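# Working through the structure, step by step
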Amino acid sequence: MIEASAKLKYILLVDTLLLILCSAGIVSINQKAKLPFQISGQYPLNSIIITKDNPYKLSSNDKLHSIEGFIISNNENVEYITDRKNIGDIVSIKVIGISGERKLNIRLTKFYDDFYIISTSLTALLFFIIALFVLIKRSKSKAANIFHWASVGIALIMCTTWANQNTHPPILSYILQGIFHFSYVFTPALFIHFAFSFPRNNELRWRIFIYFNYVIACLLSILSTITFIYSSVINDTQSMQNYLQVFTVTRIYIAIAVIAAIIIFFITYFRENGEVERKKLKWLLLGFIIGPLSFIAFWVLPQEFTGAGLLPEKIIILLQLAVPLTFAIAIVKYHILDIDEVINRSIVYIIVISILLVLYSAAVGIFVATLHTSNQSTISAIAAILLAVLFQPIKTKVQKFVDKKFFRIQYNFREELNRFTAQIKNYNDVSSLGEYLIREIDNLIPIEKIGFSELDNQTGRLFIRSQKKFDRLANKSLRMKPENLERKRFQAAAIKNKVENDADISTIFQNTLIRWEINLVVPIKSVNEELYGFILLGNKKSGTRFSTEDVDLLKDIGINAGSTIERIKLQEQLIRGKVEIEKLEELNQHKSLFVSNISHELKTPLTSIKIFAEMLLGNESGLSNKSKGHLEIIEGETDRLKRLINNVLDFSKIEKGVQNYSFHEIGLNKIVKDVIEIMHYTLKMKGFNLETKIENFNDLIYGDADAITEAIENIISNAIRFSTDKKEITISTYPENNFVCVSVKDIGIGINHSDFEKIFDPFFRSDNAKTKKIGGTGLGLPIVKHIMDEHKGKTLIDSSIGIGSVITLCFPTLSNNDGADDEENSNY
């Protein structure tokens, strides 16, 4: 920011210095002298004296041969010589006429009137002001910087042009003419550079050409300045002619450069697809046509071929004001006025005025011929009244003609797009959105018939949801081939002769469009290229083709509509998802209630079975060995079924968040021994060899005995279930740091390392083929994890496929005693 500010101050300082030099140049221009009669160039050589109330009695047949001994061949020779004289100086001239040669002494007069001096000064000042304004507004823009120096260059050309060389000291006069020559050729070079930098910066692509152009401009400006100074010092005919020849080359370069810049802008305009950029380019082209092009057409080229401009120089200067004004609008605020409307009205009024001038001339001729009168004032008055009556009807007809042929849109692209965007996003259902699009598009671009279709992505069919006068398509669906629904390749499609040639459209549906009388199809798709439907359009009521602007606007509307439909469908999915979640939660509650009720109902008969089995086993004297074995099976299976039911009940409580634990001081070894006793029957029935290693240590912990019992039972049950070949289990207890641990080791199928984190998830089943064949509820380990979390304990897993597993439960101790090293061993 500080660097930009410093740069701006530097530029302001340079501008101030150049403005001071411009003031010095204006003083020189004000002192510019000329011959006291008018002369006109006779291409290609001598000048002809044209008399206009001159006091020297010169005729139109007299030719100016020389001034002060310098032979004259064109107007520039005269101006070059008189610039070295002052107003009122007496100079000698030689004139060749019918009567022979004559030598005359004449007094020079003032070249420019006061109006020209004032208009030039104000115009140059405006160039400086506009150039600085644009630079301040767009200081970071490369195009704005180039425009600034180009505008300053035009101001310098106007103020330091050929003028009196005696007004200032020689060194200042040489400086002013050096500035003039540099500005004269560098300004067109800057316009070419600007053409490659605006509205999009393509400078890198054309960098070599731009540099080469600047080199040519630099060489021409240096050569012009040197030959000018040399001719001023030598002051002979040959040096003058040498300078004027170089200056002629610079004029040719200027004409080529200006025309090249205009051509570049035209090419950029026709290649540009963005509406904003096209409007900016229209402003630039308008400025070029009014300013530099008129300068070339009405001044530079006529000077070269006839020695005189077609328009007065003061008019040419005023026309140049179009350049900074239109360029500044394009760079800073292109939409301050509707450029299409400006060009539209300009064309209309030029055509109308031309028609009226022709009619006026014809009317005067007819009146003179029919009335046989020479009273011009009466005839002119009658003709003027007639034209005043005809003006409005002619203007109306011309306006319609121009609108139809050149300006086929009657809306502001940016405003309408913003309006559509603001309204479309407010809709929450597709049907209402479709009706809105049909209504508003028809109001904006009057169309004979229009429809809104929605695409069913599953079937690939288009359904007409809303339409106006598309009765043939009402209540119908159109089948689209899958290959035509590829999201990333689909674009607007149209009948070839119904859309302007430069519009970006596809022609893949010609037969279908013609059959259904659809002129233009615009896709409704999101920014992610997800296709949702189409806008179908028939003929425009104006009878014209769809313009590029129409197609671009409809495409943007289609994208906005697609994004809105995407949002609507996402909202619908979220609502459906929410309803499904609510239903699932309700079903889950019913499931939990059912499981809880049925589990409680199952526990009552199991308790009775358990009690009666124990009673019968208590009467061993009356039992045979076979009966005793059967009762032990009943008792063991009852315990196993009870454990399963307890798991289901506990998991249901955990899900609901209502599982509570009763914490007391308990000994871990006692719980482990009780569990071994409980699991004795199951181990025996499954044929397992159990080894226990119960250490004697301070095993007091703070916990829920029933919960810890359940956790150890689940670990042992898993070891039994997943040991299919080698049926050996080792149960150990031992202290470790501030924890006491119980470990269950098996030689089973093992656990995949990738499943270590997942086995504690409810209902998880490993992808291991052997595991899939083993039954189970998948609730045991999740219950173990919940119990260990509530006891602030740790669950350790060490397992390898085919080797077995060791699962260890560690509980925090109440004290830090190491305990004894004694060990109890027992085998089952």
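Just so it is clear, the model here is predicted, and its values are computed rather than measured.

Side chains of a nonpolar character, in soluble globular proteins, are inclined to be buried together. If you look at the biggest cluster of nonpolar residues, it comprises 84 residues, and the most contacted ones within it are Leu35, Leu64, Ile67, Ile93, Phe194 and Tyr253. The element contributing the most residues to this core is helix 7 (residues 237-271), with 13 residues. Contact partners of Tyr253, with chain neighbours within four places excluded, come to Val185, Ala189, Asn213, Ile216, Ala217 and Leu220. Counting residues in each nonpolar core, the second largest holds 40 residues, with Phe688, Ile731, Leu779 and Ile783 among its members.

Taking 1.5 Å per residue, 17 residues should reach 24 Å; helix 20 (residues 705-721) reaches 24 Å between its end C-alpha atoms and fits that length. With a side-chain oxygen lying 3.0 Å from the backbone nitrogen of Asp706, the N-terminal cap of helix 20 falls on Asp704.

Here the focus is the side chain of Thr161. Residue placement: Thr161 occurs in the loop between helix 4 (142-159) and helix 5 (170-195). With near-sequence residues (within four places) excluded, Thr161 lies in contact with Ile29, Leu156, Gln177 and Phe180.

Right, let's talk about the pattern of salt bridges for a bit. Following the criterion strictly, the structure yields 16 salt bridges and no others. Close ionic contact of Asp83 with Lys32 constitutes a salt bridge, the shortest N to O distance being 2.5 Å. Of this pair, Asp83 sits in the loop between helix 2 (75-82) and strand 6 (90-97) while Lys32 is found in the loop between helix 1 (2-30) and strand 1 (33-34), placing the two residues 51 residues apart along the sequence. Given a relative accessible area of 0%, Lys32 falls into the buried group. Between Arg465 and Glu454 there is a salt bridge whose closest N-O contact spans 3.1 Å.

What follows covers the packing of aromatic side chains. Evaluation of the coordinates by the stated rule reveals 17 aromatic pairs. A ring pair is formed by Phe180 and Tyr184, whose centres lie 5.1 Å apart and whose planes are at 35°; its orientation type is tilted. Here Phe180 pairs with Tyr184, and both are found in helix 5, just four residues apart, close to one helical turn. We note that Phe180, like Tyr184, is buried. Pairwise contacts between aromatic rings join Tyr80, Trp162, Phe180, Tyr184, Phe228, Tyr243 and Phe247 into one cluster.

Rules of the game
- Residues numbered from 1 in each chain as written.
- Predicted model: local features only at pLDDT ≥ 70, side-chain atom pairs only at ≥ 80, totals over all residues.
- Heavy atoms only, no water.
- Core = buried A, V, L, I, M, F, W, Y, C linked by side-chain atoms within 4.5 Å.
- Buried < 20%, exposed > 50% of the residue type's maximum accessible area, 1.4 Å probe, protein only.
- Helix = DSSP H or I, 4+ residues; strand = E, 2+ residues; numbered from the N terminus.
- Contact = heavy atoms within 4.5 Å.
- Expected span 1.5 Å × (residues − 1).
- Polar contact = N/O pair within 3.5 Å; in protein donor to acceptor, adjacent residues only side chain to side chain.
- Salt bridge = Lys/Arg side-chain N within 4 Å of Asp/Glu carboxyl O.
- Phe/Tyr/Trp six-rings, centres within 6.5 Å; stacked < 30°, edge-to-face > 60°.

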